[in-house]
Amino acid sequence: MSEYERGFAAGYRAAHRTDVRDITSDRGTPAPLPKKKKTRKVSAYSRRYGVEYKRLKRKHPRMKFGALSKKAHAATRKAMK
């Protein structure tokens, strides 16, 4: 194997690593692990809307989404007063 082929193989292996911690930055220090995304808190309105939508969907399983969501939003606004 020529020097070129050895260099190519080493570069290929480095570029296709699956473990993020093995990859180093330009300075030779390990790259930081990616941070997990913070989950957003679901609002009370959104939770209530989900309950209303599911209730309507059980009652009217073949109804279109747009019509169901309109009714669910109306019921949620009424319930949240």
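Within each chain, residues carry numbers counting from 1 in the order of the written sequence. Local features in this predicted model are restricted to residues of pLDDT 70 or higher, and side-chain atom pairs are both shown and tallied only at a pLDDT of 80 or more, whereas totals for entire chains, interfaces and linings draw on every residue. The side-chain numbers reported here are obtained from all heavy atoms of the structure, hydrogens and water having been left aside.

Q: Help me understand the overall build of the protein in this model?
A: Counting its regular elements, the protein contains three helices and zero strands. In DSSP terms, a helix is any run of H or I states spanning at least four residues, a strand is any run of E spanning at least two, and both are numbered starting from the N terminus. Mapped from its N terminus to its C terminus, the protein presents α and β elements in the order α-α-α. For every residue, the accessible area obtained with a 1.4 Å probe (protein chains only) is divided by the maximum for its type, and the residue is called buried under 20%, exposed over 50%, and partly exposed between those limits. Going through the 81 residues of the protein one by one, you find that 11% of them count as buried. Counting only contacts in the protein whose residues sit at least 6 apart along the sequence, the fraction spanning at least 24 positions is 29%. It only takes one pair of heavy atoms within 4.5 Å for two residues to be counted as in contact.

Q: How should the pattern of salt bridges be read in this particular structure?
A: Pairing is possible between side chains that carry opposite charge, provided their charged atoms lie close to one another. Salt bridge, as applied in this entry: a Lys or Arg side-chain nitrogen positioned within 4 Å of an Asp or Glu carboxyl oxygen. Counted according to the given criterion, the structure contains two salt bridges. For Arg-48, the salt bridge goes to Glu-52, with nearest N and O atoms at 2.9 Å. Here Arg-48 pairs with Glu-52, and both are found in helix α2 (residues 44-59), just four residues apart, close to one helical turn. Glu-52 serves as the salt-bridge partner of Arg-55, at 2.9 Å between the closest nitrogen and oxygen. A residue pair is termed a helical-turn pair when its members lie 3 or 4 positions apart in one helix, as Arg-55 and Glu-52 do in helix α2 at three residues. Look at Arg-55 and you get partly exposed, because its relative accessible area is 36%. Here Glu-52 falls in the buried class, since its relative accessible area comes to 6%. Each of the salt bridges in this network shares a partner with another, and the network as a whole consists of Arg-48, Glu-52 and Arg-55.

Q: Can you walk me through the confidence of the model for the protein in this structure?
A: Any residue range with low pLDDT should be treated as having predicted coordinates unsuitable for detailed reading. Every residue gets a pLDDT, meaning the predictor's confidence in that residue, from 0 to 100. Averaged over every residue, the pLDDT of the protein is 84; the share at 70 or more is 80%. Mean pLDDT across the elements of the protein bottoms out in helix α1 (residues 3-15) (74) and peaks in α2 (97).

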